[in-house]
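# An overview of the molecular structure
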Amino acid sequence: MPKMRIIYTHNKIHYYLSLLNPFVLVLLSLLCSPSLSAANSAHNTFLHCLVNHYSDLSHPITSSIFTPNNALFSSVLQSYIRNLRFNTTTTRKPFLIITASHVSHVQSTIVCAQKHNKLMKIRSGGHDYEGVSYVAEEPFFLLDMFNLRAIEIDIETETAWVQAGATLGEIYHSIAQKSKIHAFPAGTCPTVGAGGHISGGGYGSLMRKYGLSIDHVIDAQIVDAQGRVLDRESMGEDLFWAIRGGGGASFCVILAFKLKLVRVPEKVTVFQVERTLEQNATDIVYDWQHFAPYTDSNLFIRVVLDVVNGTQKGRKTVRASFTSLFLGDSKSLVSLMSEAFPQMGLRQQDCIETTWIESVLFWTDIKISTPVEILLDRMPQSLHSLKRKSDYIKVPIPKEGLEGLWKLMIEFEDTILYGHPYGGRMDEIPSFETAFPHRKGNLWKLQYQANWNKEGKDVADYYIDLTRKLHKYMTPFVSKNPREAFFNYKDLDLGINHNGENSYVEGRVYGYEYFVDNFNRLVQIKNKVDPSNFFRNEQSIPTLPYEISTSTMTKFFYPLTLINHLNRWISILQLLLIHTIFLLLFAGRVLCTCPEIDAQLENDDLLSKKRVRTTFFRVWLTLDGLLASSWL
């Protein structure tokens, strides 16, 4: 990775910091902070390790350290909290924040935290839906990456190096400054941090054309559990595979990604069309399921479902809002829609031809005429408390199912559903190519949303329960065995890992929903690169139990093999039961004399009776073969 200039924020935090001698700042914190009193001398020792033993003198870490006694501590902590559920007086706060501004700060932090057994949370943009990147139930400190935000674009090679603390808006803006025909396939929210977004998968309106963000990561720079700075070659292909879809926080600290840029036309087309139930929204959404995943990969149409006032006073209705990006001109788009999806009723006047960078504004509900520099603003347009859940749809939801969903949404009022179509390039990439498994076979991804602005646990519980009820209703219509979920839509309802003796058992519950068959490989890689489970959180990839993983490869794979054996025995017992039933039927009703069967066959010839016996015998042999293969 080329040497990159560290870009600092220009807010008041860094202005005040510049007025203070960094060593004095830390000394005052050490002397005054209650968290570093005799009762918590371990924190003091950890801080002493950071400042005196592993700090790079050319890049001192002291100005990047904040204790609760520091006047700027709360401001630093709250600057990147994007879910107000976790910005309350009762939310546990870190005992220390390190706002790394140099790679040596990350290395020192990991080495000292390992040495003193400290729980570390890693935050790049703060958009983790469950606050996992900056909240914990036990004492922890926060490694905040927002200062590491350098971006280097090389149009000649069509690549970019992007540090983990950069936002998507900053990436898009940097690309647009260099080229009008280049882009990067990532999310539609410009304030999201690159580190978590990309490592967890990363998708957006270019998904059907180019796949996910991770499909265009060609190198990376990380710091591993030993404090080493590694790139793709030195970390190895296994770990490089894991951090593309499996999240980085289970394995390392992501410093930067090298991205391969993609090409887009100089002019693209966007539109947003709204239809209510009174305007035939049910039929249109139903037909959207049969069109959006199969159409031209240059076309991406998202649907958002919410509750609004109906045409009749005092009555609510469901509104379906269709937002689109088409990599082409409006005339071609209208022609395509008129032929393949006339139910939408798209008109030429609904379409806007614009540049790709301006389409980013459109998707963020910002006027296209707004200067694109607004993408450099790190503060979201609005903040509220929220809950998110996810599902994958593999078979179109019938109209009856949609109508039942509308009834619930109208009853609840304060819920929103987002539908993102798959297909296109997503169908072409194997599920095992990266750690992200949700590829071919998925029609669309569903996100459940609830947002609220009132405080209090009872209020939060009410809104969270709304998403759970919708999620429960959708059970018959979504993926099964497992019921798949998107890792970047973090959902602690799926399970919590307490990172104790049962870590693997707890992790397997949510792990298979997020990663399906890729989960086992992620566990193996985790055991290899971080056997002590230093990089851990409430839904991290678990390690195998210590006593099973330290001797032979047989013992290493034992938990996985045990589960497979259990599933196989269940299948064997099921086949054995059916096998026995058919054997009894064959022996009791075919080989033996049976008046009922004889009466039914009295008008048939001998050949017919033999055919009956032969059919039973073949079924029995088939079951016998299945049973034997299961046993082996």
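Residues numbered from 1 in each chain as written. Predicted model: local features only at pLDDT ≥ 70, side-chain atom pairs only at ≥ 80, totals over all residues. Heavy atoms only, no water.

### With respect to the overall build of the protein
The test is simple: The secondary structure listing takes helices from DSSP runs of H or I that are at least 4 residues long and strands from runs of E that are at least 2 residues long, numbered from the N terminus. We call a residue buried when its accessible area falls under 20% of the maximum for its residue type, exposed when it is over 50%, and partly exposed in between, using a 1.4 Å probe and counting protein chains only. In this analysis, two residues are considered to be in contact whenever any of their non-hydrogen atoms come within 4.5 Å of each other. Calculation of accessible area relied on Shrake-Rupley with a 1.4 Å probe; when residues are assessed, cover is drawn exclusively from the protein chains displayed.
When helices and strands are counted, the protein shows 23 helices and 18 strands. Relative to its full complement of 632 residues, the protein shows a buried share of 54%. Considering only intrachain contacts with a sequence separation of at least 6, the fraction spanning at least 24 residues in the protein is 73%. Here the protein displays about 28,800 Å² of accessible surface, and carbon together with sulfur accounts for 54% of that area.

### Describing the state of the cysteines
Put simply, the rule reads: Pairs of cysteine sulfur atoms within 2.5 Å are what we label disulfides.
One pass over the structure, following the stated rule, counts one disulfide. With a sulfur-sulfur separation of 2.1 Å, Cys49 is cross-linked through a disulfide to Cys112. Note on the Cys49 and Cys112 pair: the S-S dihedral is about -80°, so by sign convention the disulfide is left-handed. With a gap of 63 residues between them, Cys49 in helix H3 (residues 41-52) and Cys112 in helix H5 (residues 103-115) connect regions that are remote in the sequence. Accessibility assignment for this pair places Cys49 and Cys112 in one class, buried.

### Side note on the packing of helix H14 (residues 399-412) against helix H16 (residues 457-473)
Formally: Angles shown run from 0 to 180 degrees and are taken between the N-to-C directions of axes, each axis being a line fitted to C-alpha atoms and, for helices, limited to the stretch in contact. For this classification, under 35 degrees means roughly parallel, over 145 means roughly antiparallel, 65 to 115 means roughly perpendicular, and everything else is oblique. Polar here means any residue other than Ala, Val, Leu, Ile, Met, Phe, Trp, Tyr, Cys and Pro, which are nonpolar, and Asp, Glu, Lys and Arg, which are charged; Gly is therefore polar.
Viewed as axis vectors pointing N to C, H14 and H16 meet at an angle of 170°, and their least axial separation amounts to 11 Å. Between H14 and H16, the angle is such that the two are roughly antiparallel. Residue-level inspection shows Glu400, Gly401, Gly404, Leu405, Leu408, Met409 and Phe412 of H14 in contact with H16, the latter providing Tyr462, Leu466, Lys469, Leu470 and Tyr473. Partitioned by chemical class, the residues of the contact of H14 with H16 number eight nonpolar, two polar and two charged.

### Some remarks on the confidence of the model for the protein
The predicted coordinates ought not to be read in detail in places where the model reports low pLDDT. Here is the rule we go by: Residue-level confidence of the predictor is summarised by pLDDT, bounded by 0 at the bottom and 100 at the top.
Confidence in the prediction for the protein averages 86 pLDDT; 80% of positions are at 70 or higher. Across residues 549-561, confidence stays below pLDDT 50; counting only partners more than four residues off in sequence or on other chains, it has 17 contacts.

### Things to note about the packing of H3 against H5
Which entries qualify depends on this criterion: By convention the crossing between two helices is left-handed if the near helix lies anticlockwise of the far one by an angle smaller than a right angle, and right-handed if it lies clockwise.
H5 packs onto H3 with a crossing angle of 145° between their chain directions and a minimal axis gap of 9 Å. In the packing of H3 onto H5, the handedness of the crossing is right-handed. Between H3 and H5, the contacting residues are Phe46, Cys49 and Leu50 on the first element and Ser108, Thr109, Cys112 and Ala113 on the second. In the contact of H3 with H5, the residues fall into five nonpolar, two polar and no charged.

### Some thoughts on helix H12 (residues 330-340)
Put simply, the rule reads: Working note: the arc is built from the helix axis to C-beta atom directions. Any N or O atom pair separated by 3.5 Å or less is treated as a polar contact, with the protein-specific requirement of one donor-capable and one acceptor-capable atom, and with residues adjacent in sequence counted only for side-chain atom pairs.
Those residues of H12 lying buried are Ser330, Leu333, Val334 and Met337. Buried residues along H12 cover an arc of 95° about the axis, so they all sit on one side. For H12, exposure combined with an orientation more than 90 degrees from the buried face picks out Lys331 and Glu339. Backbone nitrogen of Lys331 and a side-chain oxygen of the N-cap are separated by 3.1 Å at the start of H12; the cap is Asp329.

### Quick word on the pairing of strand E4 (residues 141-144)
Quick reminder of the rule: Two strands form a pair only when DSSP identifies at least two bridges running between them.
Across the two faces of E4 the burial is the same, with Phe141 and Leu143 and Leu142 and Asp144 all buried. Of the pairings in the sheet, the one linking strand E2 (residues 97-99) to E4 comprises three bridges and is parallel in character. Residue pairing across strands places Ile98 opposite Leu143, the latter belonging to E4. The sheet contact formed by strand E3 (residues 120-123) and E4 spans four bridges and is parallel. From the neighbouring strand, Met120 faces E4, where its bridge partner is Phe141.

### Quick notes on the environment of Ser63
Counting through the fold element by element, Ser63 comes out in the loop between H3 and strand E1 (65-66). For the pair Ser63 and Ser101, spaced 38 residues apart in the sequence, the C-alpha separation amounts to 9.4 Å.

### Digging into the sheet that holds E3
Across the sheet, four strands lie side by side as E1-E2-E4-E3; this open sheet has mixed pairing. Pairing within the sheet leaves two strands with one partner each, and these edge strands are E1 and E3. Here H5 sits on the sheet in contact with E2, E3 and E4, set at roughly 160° to E4.

### Things to note about the pattern of salt bridges
So the rule is basically this: A pair is scored as a salt bridge if a Lys or Arg side-chain nitrogen falls within 4 Å of a carboxyl oxygen belonging to Asp or Glu.
Considering all chains together, one arrives at 27 salt bridges under this definition. Among the ionic pairs, Asp493 bridges to Lys389, the shortest N-O distance being 2.9 Å. With Asp493 in the loop between H16 and helix H17 (503-515) and Lys389 in strand E16 (residues 385-393), the pair connects residues that are 104 residues apart, well separated along the chain. Looking at Asp493, the relative accessible area reads 32%, which means it is partly exposed. Note that Arg425 and Glu428 form a salt bridge whose closest N and O atoms lie 3.1 Å from each other. Here the residue Arg425 and the residue Glu428 both occupy positions in helix H15 (residues 425-428), the gap between them amounting to three residues, near one helical turn. When its relative accessible area of 32% is taken as the criterion, Arg425 is described as partly exposed. Several salt bridges converge on common partners, so that one network encompasses Arg85, Glu130, Lys387, Lys389, Arg468, Asp491 and Asp493.

### Description of the packing of aromatic side chains
Geometry of an aromatic ring pair is reported as the spacing of the ring centres plus the angle between the planes. Threshold: Aromatic contacts are taken between Phe, Tyr and Trp rings whose centres are within 6.5 Å, Trp giving its six-membered ring; a plane angle under 30 degrees counts as stacked, one over 60 as edge-to-face, and the others as tilted. Over a ring means this: the NZ of a Lys or the CZ of an Arg is within 6 Å of the ring centre and within 35 degrees of the ring normal.
A complete count under the given rule lists 24 aromatic pairs for this structure. Aromatic side chains Phe46 and Phe95 sit 6.3 Å apart centroid to centroid with 80° between the ring planes, which places their arrangement in the edge-to-face category. Of this pair, Phe46 sits in helix H3 while Phe95 sits in the loop between helix H4 (73-78) and E2, placing them 49 residues apart in sequence. Judged by centre distance (5.3 Å) and plane angle (85°), the ring pair of Phe487 and Tyr514 falls under edge-to-face. With a gap of 27 residues between them, Phe487 in the loop between H16 and H17 and Tyr514 in helix H17 connect regions that are remote in the sequence. Arg388 extends its terminal NZ or CZ atom over the ring of Tyr129, reaching a point 5.5 Å from the ring centre. The cationic tip of Lys445 hangs over the ring face of Phe486; the distance from NZ or CZ to the ring centre is 3.9 Å.

### What to know about the sheet that holds strand E17 (residues 416-421)
Across the sheet, seven strands lie side by side as E15-E12-E14-E13-E17-E18-E16; this open sheet has antiparallel pairing. The open sheet has two edge strands with one neighbour each: strand E15 (351-354) and E16. Averaged over all pairs of adjacent strands, the angle between strand axes in this sheet comes to 20°, irrespective of strand direction. For strand E12 (residues 268-276) and strand E14 (residues 316-326), the ladder comprises eight bridges, and the chain directions are antiparallel.

### Topic: the environment of Val76
Topologically, Val76 is positioned in helix H4. Overall, the relative accessible area of 1% leaves Val76 in the buried class. Between the C-alpha atoms of Val76 and Phe66, which are 10 residues apart in sequence, the distance is 8.3 Å.

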